[in-house]
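Examining the three-dimensional arrangement
Each chain is listed here by its residues.
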Amino acid sequence: MPRLDQFYFWQVVKLLTVMASLPSCAAAASLDSAQAPGSNFPQIAENYLLQDFDARDRPEEVPITSDLQNRFFYSNCFAPIGCHRGAPKGSVVFWVPSGFASTPNSHYPRVELRAKRDFTLGGNFDITQSGDVYILQNPQTRSIIFAQIHGDKAGGSELLKLRWDNGSLEAGTKEHYGASERRTTLLTGVELGQKISYTINAQSMGAGMNLQIEVSAGGRESKQTFEFPASGWSGVGLYFKAGNYNQSSSPDGGTAIVAYSALKIRYK
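Parameters and conventions
- Residues numbered from 1 in each chain as written.
- Predicted model: local features only at pLDDT ≥ 70, side-chain atom pairs only at ≥ 80, totals over all residues.
- Heavy atoms only, no water.
- Helix = DSSP H or I, 4+ residues; strand = E, 2+ residues; numbered from the N terminus.
- Contact = heavy atoms within 4.5 Å.
- Salt bridge = Lys/Arg side-chain N within 4 Å of Asp/Glu carboxyl O.
- Buried < 20%, exposed > 50% of the residue type's maximum accessible area, 1.4 Å probe, protein only.
- Polar contact = N/O pair within 3.5 Å; in protein donor to acceptor, adjacent residues only side chain to side chain.
- Disulfide = S-S within 2.5 Å.
- Pairing = 2+ DSSP bridges.
- Axes fitted to C-alpha atoms, helices over the stretch in contact; angles between N-to-C directions.
- Phe/Tyr/Trp six-rings, centres within 6.5 Å; stacked < 30°, edge-to-face > 60°.
- Lys NZ or Arg CZ within 6 Å of the ring centre and 35° of its normal.
- Core = buried A, V, L, I, M, F, W, Y, C linked by side-chain atoms within 4.5 Å.
- pLDDT = per-residue confidence, 0-100.

Description of the environment of Thr184
Positionally, Thr184 belongs in strand β10 (residues 182-187). Leave out the neighbours within four places in its chain, and Thr184 touches Leu169, Glu170, Ala171, Gln224 and Phe226.

As structure tokens, this is what we get:
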């Protein structure tokens, strides 16, 4: 082989080696508008249950199958009337009208994914939920919660709420079970239809939890760290959520529409 050909040969080998080491984008590229969300995102079916509404518009919680798709939970552009501009085709859409019945101890309707696995402060855990989300349409209150760490007790066990509120991304936290929510602004000027990338990492730390939150939108990013003592959440089973928690209870409050083009949860 001529020396020049050998040079180009080894350059190609190096390039292929580098490309093989890069993170795969196959999941995003394989989104198919003709497939149901559970088929486009197999990890959803594996790790979450769906909270939506039954045929009588009453709240329900159901397992996710590869073909589960309805008027509240579907792949973007699965039908011409279900194509929402601003979100990739095949991304999972959460459609929530205002004024629908709410789950017990809540005032607002939701279509959300509820993680199957719980964890408790004081135990050993390292859990990360991450996603790419689009707020496509807001209700009259201009407020939607798109990710949470929720508790299994009534009366204020929402440890974390990630909220889009009239263009601001906010982290709502409660230091202990039953406490008032404290809001921290993460980013402002986030428009409807703009991609929001976020990561929530919950990690056990001594007798409590270290919670790291990262959000980015429009080339800007924000990072915040919160600490929670185990004593404040004793006996509360916690779990991750993602989707669309419409913050309007009025029957004429409009419809909240949220889409996810990526969603992962990792347990260590």
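That was the structure; now back to the text.
Regarding the pattern of salt bridges
Should the charged atoms of two oppositely charged side chains come close, the side chains can pair. Across all of its chains, the model carries ten salt bridges by this definition. The residue Asp54 makes a salt bridge to Arg58 at a minimum N-O spacing of 3.1 Å. For Asp54, a relative accessible area of 18% translates into the label buried. By relative accessible area, which is 44% here, Arg58 ends up partly exposed. One network of salt bridges, with partners in common, ties together Arg163, Asp165, Glu170, Glu181 and Arg183.

Comments concerning the environment of Glu170
Its place among the elements puts Glu170 in strand β9 (residues 168-173). Classification of Glu170 by relative accessible area gives buried; the value is 11%. Glu170 has contacts with Lys161, Leu162, Arg163, Asp165, Arg183, Thr184, Thr185 and Leu186, leaving out every residue within four places of it along the chain. Among the polar contacts made by the side chain of Glu170, one reaches the side chain of Arg183 at a distance of 3.1 Å.

Focus: the state of the cysteines
Taken as a whole and judged by the stated rule, the model has one disulfide. One disulfide in the model links Cys77 with Cys83; its S-S distance is 2.1 Å. Classification of the bridge connecting Cys77 and Cys83 rests on its S-S torsion, roughly 45°, and on that basis the disulfide is right-handed.

Some thoughts on the sheet that holds strand β12 (residues 208-217)
One open sheet accounts for seven strands, arranged β3-β4-β15-β6-β11-β12-β13; its pairing is antiparallel. Every interior strand has two partners, whereas the edge strands, β3 (73-75) and β13 (220-229), have only one. Along the sheet, successive strands turn relative to each other by an average axial angle of 25°, direction set aside. Of the strand pairs in this sheet, strand β4 (residues 92-97) and strand β15 (residues 255-267) are connected by six bridges, and their pairing is antiparallel. Note on β15: the bridge partner recorded for Val93 is Ala259.

Considering the packing of aromatic side chains
Applying the stated criterion to the full structure yields 13 aromatic pairs. A ring pair is formed by Tyr198 and Tyr260, whose centres lie 6.3 Å apart and whose planes are at 80°; its orientation type is edge-to-face. On the criterion of sequence distance, the pair formed by Tyr198 in strand β11 (residues 195-205) and Tyr260 in strand β15 is long-range, its members being 62 residues apart. Tyr260 carries the same exposure label as Tyr198, and that label is buried. Sitting above the plane of the Tyr239 ring, Arg114 keeps its charged end 3.5 Å from the centroid. Residue placement shows Arg117 over the ring face of Tyr267; its charged tip is 4.0 Å from the ring centre.

Things to note about the nonpolar core
Judged by nonpolar contacts, the single largest core of 60 residues is most densely connected at Phe119, Phe146, Ile149, Tyr198, Leu211 and Tyr260. Residue contacts for Phe146: discarding those within four places in its chain leaves Val133, Ile135, Leu162, Arg163, Trp164, Leu169, Ile196, Tyr198, Ala242, Gly243 and Tyr260. Among the nonpolar cores identified, the runner-up in size contains seven residues, and Ala87, Tyr134, Leu136 and Ile257 belong to it.

Some details on the pairing of strand β7 (residues 143-151)
With nine of its nine residues buried, β7 lies for the most part within the structure. Sheet topology note: the β7/strand β8 (residues 160-165) ladder contains six bridges and is antiparallel. Each residue of the ladder has a partner; that of Ser143, found in β8, is Asp165. Direction of pairing for β7 relative to strand β14 (residues 238-246): antiparallel, over a ladder of seven bridges. By the bridge assignment, Ala147 is partnered in β14 with Ala242.

Quick word on the confidence of the model for the protein chain
Mean pLDDT over the protein chain stands at 89; residues scoring 70 or higher make up 89%. Note that residues 1-28 has pLDDT below 50 and, in this model, one contact with residues that lie over four places away or in other chains.

Quick notes on the environment of Gly235
Residue placement: Gly235 occurs in the loop between β13 and β14. Of the residues examined, Gly235 reaches a relative accessible area of 60% and is grouped as exposed. Taking the C-alpha atoms as reference, Gly235 lies 8.4 Å from Leu121; in sequence the two are 114 residues apart. For Gly235, the contacting residues outside a window of four places in its chain are Asp152 and Lys153.

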